[in-house]
Amino acid sequence: MPPLLNNLFSGLRALFRKRAANREMDDELRAYLEASAEAKMRAGMSREAAWRAARVEMGSAEAVKEQIRDAGWERALESLWQDVRYGTRMLRKSPGFTIVAIVTLALGIGANTAIFSMVEAVLLRPLPYPHSSQLVDLWAHSDVFDFPNLGVSLPDLADARKQCRSFERLAPYTLKNVDLSGHGVPEQLMATEVSPDFFPLLGISPLDGRTFLPSEVQPGHDDVVILSAAFWRKQFAADPHVIGRSIQLNGAGYTIVGVMPQRFNFPTATDLWLPFVPTPAELAARENHRYPVVGRLAPGSTIAQAQAELNTVGARLARAFPKADKGWGFQVRSMKSDLVNNASMPLLVLFGAVGLVLLIACANVGNLYLARAWSRTHELAIRAALGASRGRLVRQLLIEGLLLAMAGGAAGLLLAAWAMDGLRSLLLLNTPRLANLKIDAHVLWFTLAASLIAGTLFGLVPAFLVSRDHLVAAMREAGSGREVSSAGPRQSRLRQLLVVGEVALALVLVVSAGLALRSFSRLSAVPLGFRPDRLLTMQLDFRGHQFKTPAQFAAYGNQVLQKVRAAPGVESASASISIPLAGFRAEGEFRIAGRPLPSNGQELMADWNGITPGYFSTLGIPLLAGRAFNESDQAESQPVAIVNRAFARRYFGSGSPIGRQISLHRDKQHHFIWDEIVGEVGNVRGVSPSRKSAPTIYEPIAQSQTAWGMDTRLALLVRTKAEPTALARTVKDAIWSVNKDQPVTHLKTMDRVVATAYAEPRSQSLLLSLFGALGLVLALVGIYGVISYSVGRRTREIGIRIALGAQNSDVLRLVVGQGTRLVLAGVAIGLAASFAATRLMRGLLYGVSTTDPLTFAGVSILLLLAGLVACYLPARRALRIDPVEALRQE
Amino acid sequence: MPPRPAALVQGTLDMLILKTLDLEPLHGYGISLRIEQISQRVFRVNPGSLFPALTRLERSGLLRSEWRSTENHRRARYYLLTDRGRKALASEKREWSKQIAAIARILEATQ
């Protein structure tokens, strides 16, 4: 047996079979004695004398056994275990201290665990694909259009593929709505058409069946479909024999060839994958910048290299095909950072905040622990006198600290698990990947590490008290009945330092919370520009081939609207391409009649929306000048447009826009179609409550080529007379009375849409306030603890002062003054720290500067007042000190 | 009265034990007796040092032990040198001779 194992087994045997090991030692020692005595008898001693001499030579058998035991490693373990048991006993003996410490730590560690699990799920966990760090998204980038994710055209992609070495594969895909029929209520599904490279590129294999064969990504052979696990479960009840069955999509039969595993959900919310078979026209349309692309980097390539290569390719394409590609380029981003997008900053700010909470909790428990170690000086001194080394005593204190921290960590884990559902549903609705939130091994390791660090932090605080000199002094003074004082100044300085630190940290937290709250209240007060109450919104999706002309499209919309308006309980209704705050907007390039053509790169851009008559009145958007659209604005009549105030201000200054002409489109002969501006309406915050309204042009759907050509969906807005959700069924029935196969999706109230738009700032300010309050309470408990402890220790002194004629106000000043000095120092340090820390919040704040003087001043005053209260309570106890009693204490 | 046994030089006990067992397996008393005899009563090892040393050596694989009956038909734990132990003894011997020679040179130089 190798010596290490040998050592291990002997040690374990000594530990767990103590009795056997003991008997063996007894046997061996007895054999030794016998042999020794026999030798002495042979040398001529009497039996009795020989035995006595042998025993004397050996000394105490127990001592020898103890020495033998000391030779093994298990001995150290045993003494550690003794310390743990002793520590547990000591903690049980003072339940008040133990409970306060554990609850404090549980709050600190629990908050950290909860936020860390979010950080882990959203930021740290790799995507569920093999070698996922090589996966990238490829987008187009335009100098003109201000959208983050513009697609790539297929000819451009083909060139990029040919000219770039950095990619192993590139696969375009396209999102598409399909109707599922033959299953009762018509249903709209999210489908993604994918090229044959798509699945191999991601490295994902199906749960059942197979992915597409290259032969299936061909015209005429593409009637195959792969299901998502969620759809398979919902529609087919997870039927294991689903492969080979057929489903009806857009009225045609498709054969199911595969089912994807649950973890595969790309692009997000896809129900089905279909083969992507571009037409020759699509393959040649270089100006058709519309396909998202996924890519896998070649081994050893970096995103920077890929981007550099693509920049060269992009410049070459812009020169070669100026009509399609001038002002366009490529943009490559890691798939994960694309997915996480801008969720990382708010999460990291929250993570920082809970980190501060944990530090405050540690300082607090450290303070308590110091006081306790102090009152245990006597016990420690006795142990030192009995031979315990300083290291052993420090170890004892550290072990108790770690025990507390582990208990706190376990309780914190429970707290975090309990808070998890709340976090998921209540908060951060818009955060990607939050569905994956769970307590996994990484989170457990984090909690363990946080507990160990916390335990070590405060467990070592009192260690310096255990110097031998101090303990000797403690023994002597305890014997003389006097108060232990030799290390007093040192320990009270440390305690005061801890309180100052706590106050400073709490100030940073509360300032952050204050800024977030002020920002949120600013944001809530922003006029959205429309009335969200009693509004029902929904989306009607159309098949691309459903309408032949804009007139048909408009007629269908009109028919639906008339039925809906006639339904009982409906006040008004209208349709539009987009609605405010729903996450969809369109942008268009335009020109103004009578003004010179803008030079390249200076094109005029405006937000664009196609609407039906009644849109402004239904949404409650005020008409500022001119008229709204009406039923006489038809395809054949004079083209008209309405602009918002931001548009009028930007392009016509103080003049009126009414009667001016703008153009967004050209007709078939490439002549501009000029719209006459007939009205001006108020601004609407359409993208997010924090983003100012962009210049916007509205056109009647009935006149718009764009509305019909670009999109196959329509938003329906219904203002109801009463509670809107009650009318959902009525409105749907009205729609279905026109076309029983019309899919209706995204049905929700406008209040809900608005709440979703506010969800992120709300959750941020809510969480920061929660952590700020937690930090504040912990810091106040800390101040209270230190001051009341100090009053307790100064009872005699205060008694003497009272006996010598000190007034109540003098005593109050003495006690409160001491606390106030600490709080003031903490506030000063905290203010400086806040100036540095809140800069990180810049991107999260709306309408409030990161150094908002009102918040900084208000929070400082709040902390001072709260600190005064925390000091006042122990001060009142000082006032009640009876000088006679106090003096008799000695 | 025999002369008082000398204290063992620090760290030499292990080597002496190994050397003793190099000749034949012995039990605890046998080892201490043998050391005493060979050193002509200069060294005496008491059980409080002997047994911890034996435990240590056995744990590190230089010795192994087994219960046997003695020449007087009693049970006793005999210690045997392992191959590793034999090697360790050889290297310790070398090291020791080197040190002795060095010390001797130093002592001569001062005279």
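Keep in mind that what you see is a predicted model, and the values were worked out from it rather than measured.

A.B. asks: Give a detailed account of the overall build of chain B, specifying residues and quantitative values.
C.D. replies: Assigned secondary structure in chain B consists of 4 helices and 3 strands. Order of helices (α) and strands (β) in chain B, N terminus to C terminus: α-β-α-α-β-β-α. Relative to its full complement of 111 residues, chain B shows a buried share of 39%. Taking all contacts inside chain B whose residues are at least 6 apart in sequence as the whole, residues at least 24 apart take part in 48%. When the accessible surface of chain B is summed, it comes to about 6900 Å², and 54% of that surface belongs to carbon and sulfur atoms.

A.B. asks: How would you explain the pairing of strand β2 (residues 63-69) of chain B if you had to name every residue and give the values?
C.D. replies: Residues and elements named next belong to chain B. Judged from the 7 bridges that link them, β2 and strand β3 (residues 75-81) form a sheet pairing that is antiparallel. Bridge pairing links serine 69 to arginine 75 in β3. Where β2 hands over to β3, the hairpin turn is made up of 5 residues, of which histidine 73 adopts a positive phi near 60°.

A.B. asks: Can you explain helix α2 (residues 18-42) of chain A? Please cite residues and give values.
C.D. replies: With 25 residues, α2(A) should cover 36 Å at 1.5 Å per step; its first-to-last C-alpha distance of 36 Å lies within 8% of that length. With its phi angle positive at about 110°, A:Gly44 sits one or two positions after the end of α2(A).

A.B. asks: Describe in detail the domain arrangement of chain A, supporting the description with residues and values.
C.D. replies: Domain boundaries in chain A define domain 1 (3-72), domain 2 (145-326), domain 3 (343-524 + 757-888) and domain 4 (535-721). Taken over C-alpha atoms, the centre of domain 1 of chain A sits 101 Å from the centre of domain 4 of chain A.

A.B. asks: Describe the packing of α2(A) against helix α3 (residues 47-59) of chain B, naming the residues involved and giving the relevant values.
C.D. replies: Pairs of packed helices are described in terms of their axes, by the angle between the two and the distance that separates them. Where α2(A) meets α3(B), the axes come as close as 12 Å, and the angle between the chain directions of the two elements is 135°. It follows from the interaxial angle that α2(A) and α3(B) lie oblique. Between α2(A) and α3(B) the crossing geometry is right-handed. Touching A:Glu28, A:Leu29 and A:Tyr32 of α2(A) are B:Pro47, B:Leu50 and B:Phe51, all from α3(B).

A.B. asks: So what's going on with the pattern of salt bridges? Which residues, and what values?
C.D. replies: Evaluated as defined, the whole model comprises 41 salt bridges over all chains. As a salt-bridge pair, A:Asp239 and A:Arg245 come within 2.8 Å of each other at their nearest N and O atoms. Judged by its relative accessible area of 18%, A:Asp239 falls in the buried class. By relative accessible area, A:Arg245 is classed as partly exposed at 40%. By sharing partners, the salt bridges in this structure join A:Glu24, A:Glu28, B:Glu58 and B:Arg77 into a single network.

A.B. asks: If you had to explain a positive patch on the surface to someone new, which residues and values would you point to?
C.D. replies: Residue and element names in this part refer to chain A. Residues Arg85, Arg89, Arg92 and Lys93 make up a contiguous surface patch of positive charge. Position of arginine 89 among the secondary structure elements: in helix α5 (residues 74-93). The partly exposed category is assigned to arginine 89, whose relative accessible area is 44%.

A.B. asks: Run through the interface of chain B and chain A, naming residues and quoting values.
C.D. replies: Contact with chain B, which involves 23 residues of that partner, is made by 27 residues of chain A. Our enumeration of links across chain B and chain A arrives at 5 residue pairs in polar contact (both at pLDDT 80 or more). For the side of chain B that touches chain A, the elements supplying multiple residues, two or more each, are α2 (28-38), α3 and β3 of chain B. Sorting elements by how many residues they give to the side of chain B that touches chain A places α3(B) first, with 8 residues. Of the residues in the side of chain B that touches chain A, the class split is 9 nonpolar, 8 polar and 6 charged.

A.B. asks: Explain the confidence of the model for chain A to me, using residue names and the numbers behind them.
C.D. replies: In this model, chain A carries an average pLDDT of 85, and 93% of its residues clear a pLDDT of 70 or more. Scored below 50 in pLDDT, residues 481-487 of chain A shows 16 contacts in the model against residues more than four places distant or in partner chains.

A.B. asks: Go over the nonpolar core, please, and point to the residues and values.
C.D. replies: Nonpolar side chains in soluble globular proteins generally cluster together in the buried interior. Residue and element names in this part refer to chain A. Grouped together as the largest cluster of nonpolar side chains are 64 residues, with contacts concentrated most on Ile115, Leu768, Phe771 and Ile783. Elements that contribute at least two residues to this core include exactly α6 (95-124), α14 (344-375), α16 (390-426), α19 (488-525), α25 (750-793), α27 (808-837) and α28 (853-879). With 11 residues, the top contributor of residues to this core is α19. Other than its neighbours up to four places away in sequence, isoleucine 783 contacts Val499, Val503, Val823, Gly867, Ala870 and Cys871. Tyr556, Ala586, Ala641 and Ile701 belong to the second-largest nonpolar core, a separate cluster that totals 40 residues.

A.B. asks: Give a description of a nonpolar patch on the surface that names residues and reports values.
C.D. replies: All names here are of chain A. Where nonpolar side chains cluster on the molecular surface, the patch consists of Leu5, Leu8, Phe9, Leu12, Phe16, Trp73, Leu77 and Leu80 and spans about 730 Å² of accessible area. Only α1 (3-16) and α5 provide two or more residues apiece to the nonpolar patch. Sort the elements by how many residues they give to the nonpolar patch and α1 lands first, with 5 residues. On the secondary structure map, tryptophan 73 appears in the loop between α4 (61-70) and α5. Note on tryptophan 73: relative accessible area 30%, which makes it partly exposed.

A.B. asks: Can you explain the environment of A:Asn644? Please cite residues and give values.
C.D. replies: All names here are of chain A. Structurally, asparagine 644 can be placed in strand β16 (residues 640-644). Since its relative accessible area comes to 1%, asparagine 644 is described here as buried. Here the alpha-carbon distance between asparagine 644 and proline 695, two residues 51 residues apart in the chain, equals 6.4 Å. Ignoring anything within four residues of it in the chain, the contact list for asparagine 644 reads Glu680, Val681, Gly682, Asn683, Ser693, Ala694, Pro695 and Thr696. Within the structure, the side chain of asparagine 644 is placed 2.9 Å from the backbone nitrogen of phenylalanine 647, a separation counted as a polar contact. Side-chain polar atoms of asparagine 644 contact the backbone oxygen of alanine 694, separated by 3.0 Å.

A.B. asks: Summarise the sheet that holds β3(B); cite the residues concerned and give the values.
C.D. replies: Residues and elements named next belong to chain B. Spatially, the 3 strands line up as an open sheet ordered β1-β3-β2, and their pairing is antiparallel. The sheet is open, and its two edges are formed by β1 (26-27) and β2, each paired on a single side. Across the sheet, α3 touches β2 and β3, and the angle it forms with β2 is around 120°.

A.B. asks: An account of the packing of aromatic side chains is requested, with residue identities and associated values reported.
C.D. replies: Following the criterion strictly, the structure yields 28 aromatic pairs over all chains and no others. Ring geometry for A:Phe231 and A:Phe236: centres 6.3 Å apart, planes at 85°, overall edge-to-face. A connected cluster of aromatic rings, assembled from ring pairs, spans A:Tyr129, A:Tyr173, A:Phe198, A:Phe199, A:Phe212, A:Phe264, A:Phe266 and A:Trp273. Across the ring face of A:Phe321, the terminal group of A:Arg286 is positioned such that the distance to the ring centre comes to 3.6 Å. When the ring centre of B:Trp67 is taken as origin, the NZ or CZ atom of B:Arg75, which lies over that ring, is 4.4 Å away.

A.B. asks: Account for the side chain of A:Thr270, naming residues and giving values.
C.D. replies: All names here are of chain A. Within the secondary structure layout, threonine 270 lies in the loop between β7 (252-259) and β8 (272-275). Relative accessible area serves as the criterion here: at 4%, threonine 270 is assigned to the buried category. A polar side-chain atom of threonine 270 sits 3.0 Å from a polar atom in the side chain of threonine 192. If near-sequence neighbours (up to four positions away) are discounted, threonine 270 is found in contact with Met190, Ala191, Thr192, Ser228 and Asn265.

A.B. asks: Which residues make up the pairing of strand β9 (residues 293-297) of chain A, and what values go with them?
C.D. replies: Residues and elements named next belong to chain A. The element β9 is extensively covered by neighbouring structure, given that 5 of its 5 residues are classed as buried. Examined bridge by bridge, strand β1 (residues 135-142) and β9 share 4 bridges and lie antiparallel to one another. For aspartate 137, the partnering residue across the bridge sits in β9 and is valine 294. Direction of pairing for strand β2 (residues 167-180) relative to β9: antiparallel, over a ladder of 5 bridges. Note that in β9 the partner of arginine 169 across the bridge is arginine 296.

Conventions used here
- Residues numbered from 1 in each chain as written.
- Chains lettered and ligands numbered in written order.
- Predicted model: local features only at pLDDT ≥ 70, side-chain atom pairs only at ≥ 80, totals over all residues.
- Heavy atoms only, no water.
- Helix = DSSP H or I, 4+ residues; strand = E, 2+ residues; numbered from the N terminus.
- Buried < 20%, exposed > 50% of the residue type's maximum accessible area, 1.4 Å probe, protein only.
- Contact = heavy atoms within 4.5 Å.
- Areas by Shrake-Rupley, 256 points an atom, 1.4 Å probe, with all protein chains shown as cover.
- Pairing = 2+ DSSP bridges.
- Expected span 1.5 Å × (residues − 1).
- Domains from an automatic or database assignment.
- Axes fitted to C-alpha atoms, helices over the stretch in contact; angles between N-to-C directions.
- Parallel < 35°, antiparallel > 145°, perpendicular 65-115°, else oblique.
- Left-handed = near helix turned anticlockwise from the far one by under 90°.
- Salt bridge = Lys/Arg side-chain N within 4 Å of Asp/Glu carboxyl O.
- Patch = residues over 30% accessible without salt bridge, like charges linked within 9 Å, V, L, I, M, F, W, Y side chains within 5 Å.
- Lys, Arg positive; Asp, Glu negative; His and termini not counted.
- Charge placed at Lys NZ, Arg CZ, Asp CG, Glu CD.
- Polar contact = N/O pair within 3.5 Å; in protein donor to acceptor, adjacent residues only side chain to side chain.
- Nonpolar A, V, L, I, M, F, W, Y, C, P; charged D, E, K, R; others polar.
- pLDDT = per-residue confidence, 0-100.
- Core = buried A, V, L, I, M, F, W, Y, C linked by side-chain atoms within 4.5 Å.
- Phe/Tyr/Trp six-rings, centres within 6.5 Å; stacked < 30°, edge-to-face > 60°.
- Lys NZ or Arg CZ within 6 Å of the ring centre and 35° of its normal.

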